[in-house]
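These are the residues of each chain, in order.
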Amino acid sequence: MKKLLHFIMSYNKINNLLGWLCFTLASLTYILTLEPSVSFWDCGEFISCAYKLQVSHQPGYPLFAMIGKAFSLLSMGDRTKVAYFTNLGSALASGATIMFLFWSITALAKKLLAIKNTTVNTTQTLQIMGAGLTGALAFTFTDTFWFSAVETIVFAWSSLCTAIVFWAILKWDAVADEPQADRWLVFIAYVIGLSIGIHLLNLLTIPALVMVYYFRRHKNINVKSGLLAFAISILILAFVQFGIRGYTIGLAARFDLFFVNSLGLGFGSGVLFFFLLIIGLLIAGIQYSIRKQKHLLNVSLLCIVFVYFGYSSFVYIPIRASAGTNLNNSHPSDAFTMYEYLNRTQYGETPLLKGPYFDAKITDVTDGTPLYRKGKSKYEVAYNKPNYVYDHTSILPRMWSTEENTTFAQDAQFYRDWLQLSDNATPTFSDNLRWMFSWQMYQMYWRYFMWNFVGRYNDDDMEGQTNMNGIGGNWTSGLFNNASNTPKFVLNNVTYTPLYALPLVVGLFGMFYHFKKRKKDALVITLLFFFTGLAIVLYVNQPSVQPRERDYSYVGSFYAFAIWIGLGLIALIDIVPKKISPRFATIGAMVICTIVGPVLLASKEWKNHDRSTKMAAHDMAYNYLMSCPKNAILFDLGDNDTYSLWYDQEVENIRPDVRIVNLSLLSADWSVRQMQRKINQADALPITMSFDKYKLGTRDVIRYNDAKIPGYVDVKDIFDFITSDDKRTHVEYTNGTTENYLPTKNFKLAVNADDVMKNKVITPEQKGLLTDTMKWKFPPNYITKENLAMIDILAHNDWKRPICFTTSIGQTSMVGLQPYLYQEGFTYRLLPFKTDSSLADQLSKINSLVMYSNMMDKFKFGNFKTARYLDQQSIQVFYPQLVSTFSDLSAGLLKDGHPNLALNALHKYEEVMPDINPNFMTAQGKITMADTSYKLDYAKLGNKLIKSVNSYLTDQLDYNYHQLQKDTGRLSPRDVQISMSLLNNMVAITHNGNQKELSGQLVAQLNDYAEKFKSILQL
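## Overview of the overall build of the chain
Within the chain, the regular secondary structure consists of 37 helices and 18 strands. Here the chain has a C-alpha radius of gyration of 31 Å; the compact-globule value for 1019 residues is 31 Å, and the two agree. Across the 1019 residues that make up the chain, the buried fraction comes to 58%. Long-range contacts, defined as pairs at least 24 residues apart, comprise 74% of the intrachain contacts of the chain with a sequence gap of at least 6. Entry remark: accessible area of the chain is about 43,000 Å², with carbon and sulfur atoms responsible for 59%. Each charge class in the chain was averaged separately, 94 positive and 81 negative side chains, and the resulting centres sit 10 Å apart.

This is the structure in structure tokens:
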């Protein structure tokens, strides 16, 4: 007995030590490749909200914010290190995830070897530990998990919650017959409750957890009882997701409505009563279960209590919202706004089981659920959510998008293009299913799965989502790739990561073996794999192209498959001939699996996950801010602009005088209201409207109704008209309702030269360029809240504060002001200069000397030239933006009579920018810069740029010619046509620049390709 106990203790000690070894190796990997500052997408918002305990976007991540705050304190007051330490939190959480994955695999491997109470011999210990190391370390280096492990994002901590609850259910399974074993179930419930404050993905482990319980506790295992258990697991998932997480707050809001509006009590009284009622019912239920000795009821109620304990982190949201933090998304300070916040009401509803296809027409609109807002003493109905009636609907609508959606036209066209439907074709249910299987499941899940376990070409997300046959963003094993069928720019890129499908083979081998030996356990892993993968696809029902790749959503599914990679080692050992020593076979299998798993993955993936030298997101936001004059109002739009800007300003206190205005958020009344107060060192925006004039349900949309007013109307008069409560300024509809309307699209703004000069909008030398009246045409057919706020600002700013737009903002957001916008770096500034109608591109104008000063003396360049790795956003978006900006600056300076400064700008470009060609936009910018170089007699740079672009274009053309010959379906006529057009431009530019030899070479190439692609170019 002592010998057995000693051996078991030795096994447990080895298991524990190797688990911590996995944690150490994984954590060191992530720390060494950690991004030193803010990353793109949500990271900037999350760090900012953690640092100052603010309110992030829906559905809110309070526990994540509090954890981030704790890690931010390690910066010891150095604001520039805050992002590093919050990133470090993700690295350590991800390392811990690997540790729990190791222990989960060893627990399953032990069961696979049918070891329960018998002695574990040395060979078996080696096999079990080898399986754990293979699976855990392989997952350590997978693409999707590694990406989230080195930045401040919720998915690292959410993965840890998934790993903990799955490990905990296996711990419970091992001791389920012992007294007090069910405390593990209560622990799981608590972690699930906590995880809601990080991300909802952890809830999807519930079906797998319930089936472990069923297989362990149920006496009669059969199909009927198994299906019943599965149905119960779905009900539990729904109860936690919708009941505890959602309806708890929803019911609290309804109680508050009754207590305030019907009983005349104060705000919050109904919420307090409701929570006391829940607490009382749970206490009474637990007492009853103890008194009646109902064990299952007792455990169930305790689990509910501990889910609530974990979920209580959401008290943070209304507390901090009420505090009026700078970042305060939706301002969820009461039960109703909190409920809408949790349920992401502002993002609209997604049809799941029944709804319209994209071709459905709205036939009627009725009032739906009322949305309440706090009044002075009672709740008031802000407006009723509209219920749309369509001319036809379908079950399981996948290709959905309706006329009220802002992306309707884009969505509808993409559906038709993807399914090859004509413009007049009516989609069928068969088309609907084809879309679901080909795009939603394959393109937006299985493609990601293959990235992680087969390999991929690169990280081009736009082509990856839109082209099943294309190379960009697609998966590849790398086995058949060569220079003739794969472009060199792909093969030579650090994001090219062929894995030869070896991790997939090992994982599939482990899965089949698992089903063969232990079907119940394999079914549990399958449920975990499905619910954290394809089930998300079915539930989220993504419509059309996404702004970014969504592989991070499915990391739990990839986690489950990594378990089978680990078990693949045991499967491999099992097929080794019996005459070979078990220990030798085990060691051999470990070597093989280690090479095709962790070693292969680490060697291939390291180069495109090492972010330790990258500063692109931080510096791009820095450049936006430094392009602004003092006390500027900066309008921006996308996540990657806004969140990085928030980080630079909120955390590092860079340019706190600039007021950042996200136009997509400004469409909400709470955002407009927040803009009417000072934050940091930035004064309130000159928005003069009272809250009653733009609150939810008031002036949500002001439609254009041409009043035939001659000429242009002053913007102040237009603003007064569209915000007037006088019924004479309203239009009446056939149903008797009235609302404000836009009577003209012809706007003007008188320019007071004294105000312009007094506020130093321009230099004295530029006074002759001033116009006395700005005139422009407002393009949209309606005014939304962000337009209304912008018109208010234009009407009442009086040139006291500079108005700027980020250069990445869409032209539709500029409300027709393009003739008066001048680039000054990474921003366009509104300047009252006389217009030049001869310009085809009104945004090609620059304020050259200001722009020169900004770019040469203030800009930072994100280590673009020296970074070992640049992510997709850096290369595909901001690198082309930098090239274009240098090109515009040098050409503008030359045009304005500053050739020496233009030459300095070109030298600066050479100093700070690497020579890469990610897309045609970059190629065009370099060609324009080469033209400027020749005009400045700087042929060295001009030739270098032309040769660089030529190499890129010929690579594209050679690849497409190969596709043309092989008829592979990957030929892109558009790429061929653009490449030929750019080649033609280079011929002209080098000829005009007296580069006869180079021009001759380009002419020969152009003629050669013209002959090769004759059939395409003649179309």
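So that's the structure; there's more coming.
## Some details on the packing of helix α16 (residues 429–453) against helix α22 (residues 555–574)
Here α16 crosses α22 at 45°, and the two axes come no closer than 11 Å. When the axis of α16 is compared with that of α22, the two are oblique. Here the hand of the crossing between α16 and α22 comes out right-handed. Two secondary-structure elements touch here, α16 through Tyr-445, Tyr-448, Phe-449, Asn-452 and Phe-453 and α22 through Ser-557, Phe-558, Phe-561 and Ile-565. Split by residue class, the contact of α16 with α22 holds 7 nonpolar, 2 polar and no charged.

## Thoughts on the nonpolar core
Proteins that are soluble and globular tend to have nonpolar side chains buried together. One finds Tyr-30, Phe-139, Phe-166, Ile-169, Phe-449 and Ile-563 to be the most contacted residues of the largest nonpolar core, which totals 176 residues. Other than its neighbours up to four places away in sequence, Phe-166 contacts Ser-104, Leu-108, Leu-209, Val-524, Ile-525, Leu-528 and Ile-563. If you look at the next biggest cluster of nonpolar residues, it comprises 85 residues, including Ala-616, Phe-826, Leu-870 and Leu-882.

## Notes on the sheet that holds strand β14 (residues 773–777)
One open sheet accounts for 3 strands, arranged β10-β13-β14; its pairing is mixed. The open sheet terminates on both sides in strands that have one partner only, identified here as β10 (713–714) and β14. Two elements, β10 and strand β13 (residues 746–750), share 2 bridges in a ladder whose sense is parallel. By the bridge assignment for β13, Val-713 is matched with Phe-747.

## Digging into the pattern of salt bridges
What the rule picks out here adds up to 32 salt bridges. Asp-725 is paired through a salt bridge with Arg-699; the nearest N and O atoms lie 2.9 Å apart. Taken as a pair, Asp-725 in the loop between α27 (715–722) and β11 (730–732) and Arg-699 in the loop between α26 (669–674) and β9 (701–704) lie far apart in primary sequence, 26 residues in all. Asp-726 is paired through a salt bridge with Arg-728; the nearest N and O atoms lie 2.7 Å apart. Ionic contacts of the salt-bridge type, sharing partners, join the residues Lys-111, Asp-173, Asp-177, Arg-216, Arg-518 and Asp-521 into one network.

## Describing the packing of helix α31 (residues 872–895) against helix α33 (residues 920–935)
In contact at an axis separation of 9 Å, α31 and α33 are set at 25° when each is read in the N-to-C sense. Here α33 runs roughly parallel to α31, going by the angle between their axes. For the crossing formed where α31 meets α33, the hand is left-handed. Between α31 and α33, the contacting residues are Tyr-879, Pro-880, Gln-881, Val-883, Phe-886, Ser-887, Ser-890, Ala-891 and Leu-894 on the first element and Met-921, Thr-922, Gly-925, Lys-926, Thr-928, Met-929, Thr-932 and Lys-935 on the second. Broken down by class, the residue content of the contact of α31 with α33 amounts to 8 nonpolar, 7 polar and 2 charged.

## Things to note about helix α8 (residues 183–196)
Compared with the 20 Å implied by 1.5 Å per residue over 14 residues, the 20 Å span of α8 between its first and last C-alpha is a close match. Buried residues of α8: Leu-185, Val-186, Ile-188, Ala-189, Val-191, Ile-192, Gly-193, Ser-195 and Ile-196, and no others. Against α7 (154–175), α9 (206–217), α10 (223–262) and α12 (295–311) lie the buried residues of α8.

## Looking at the sheet that holds strand β12 (residues 738–742)
Hydrogen bonds between backbone atoms are what pair the strands of a sheet, whose relative direction is either parallel or antiparallel. One open sheet holds the 4 strands; their spatial order is β11-β12-β9-β15, and the pairing between them is mixed. Since the sheet does not close on itself, it has two edges, and those belong to β11 and β15 (782–784), each with one partner. Ignoring strand direction, the axes of neighbouring strands in this sheet form an average angle of 45°. Note that β9 and β15 share 3 bridges and pair antiparallel. For Val-701, the partnering residue across the bridge sits in β15 and is Thr-784. Relative to the sheet, α27 contacts β9, β12 and β15, its axis offset from that of β12 by approximately 165°. Helix α29 (residues 785–796) rests against β9 and β15 of the sheet, and its axis sits at about 85° to β15.

## Describing the side chain of Gln-818
Position of Gln-818 relative to the elements: it lies in the loop between β16 (803–806) and β17 (821–823). Classification of Gln-818 as buried rests on a relative accessible area of 13%. Contacts of Gln-818, omitting those with residues within four sequence positions, involve Gln-811, Gln-842, Leu-843 and Lys-845.

## Quick look at empty space enclosed by the protein
A probe as big as a water molecule, rolled over the atoms, marks out the empty space that is left. Scanning the entire structure with this criterion turns up 6 cavities of 30 Å³ or more. Considering only enclosed or pocket space, the largest cavity measures out at about 370 Å³ in volume. Lining the largest cavity are 27 residues, with Phe-147, Asp-459, Arg-548, Glu-549 and Gln-872 positioned closest to its centre. Of all the secondary structure elements, the ones that give two or more residues to the lining of the largest cavity are α6 (143–149) and α31. Here the lining of the largest cavity takes 4 residues from α6, the largest share from any one element. A breakdown of the residues in the lining of the largest cavity according to their chemical character gives 8 nonpolar, 8 polar and 11 charged. There is about 230 Å³ of room inside the second largest cavity. Around the second largest cavity, the lining is made up of 19 residues, and of these Asn-326, Leu-327, Trp-646, Gln-674 and Met-675 lie nearest the centre. When contributions to the lining of the second largest cavity are tallied by element, the ones reaching two or more residues are α25 (639–650), β8 (659–662) and α26. Here the residues of the lining of the second largest cavity sort into 8 nonpolar, 7 polar and 4 charged.

Quick notes on the rules
- Residues numbered from 1 in each chain as written.
- Predicted model: local features only at pLDDT ≥ 70, side-chain atom pairs only at ≥ 80, totals over all residues.
- Heavy atoms only, no water.
- Helix = DSSP H or I, 4+ residues; strand = E, 2+ residues; numbered from the N terminus.
- Rg over C-alpha atoms; globule rule 2.2 N^0.38 Å.
- Buried < 20%, exposed > 50% of the residue type's maximum accessible area, 1.4 Å probe, protein only.
- Contact = heavy atoms within 4.5 Å.
- Areas by Shrake-Rupley, 256 points an atom, 1.4 Å probe, with all protein chains shown as cover.
- Lys, Arg positive; Asp, Glu negative; His and termini not counted.
- Charge placed at Lys NZ, Arg CZ, Asp CG, Glu CD.
- Axes fitted to C-alpha atoms, helices over the stretch in contact; angles between N-to-C directions.
- Parallel < 35°, antiparallel > 145°, perpendicular 65-115°, else oblique.
- Left-handed = near helix turned anticlockwise from the far one by under 90°.
- Nonpolar A, V, L, I, M, F, W, Y, C, P; charged D, E, K, R; others polar.
- Core = buried A, V, L, I, M, F, W, Y, C linked by side-chain atoms within 4.5 Å.
- Pairing = 2+ DSSP bridges.
- Salt bridge = Lys/Arg side-chain N within 4 Å of Asp/Glu carboxyl O.
- Expected span 1.5 Å × (residues − 1).
- 1 Å grid on protein atoms, 1.4 Å probe; cavity = no way out; pocket = protein on both sides within 12 Å on 5 of 7 lines; lining within 4 Å.
- Points joined across faces, edges and corners; volume = space filled by probe spheres on them.

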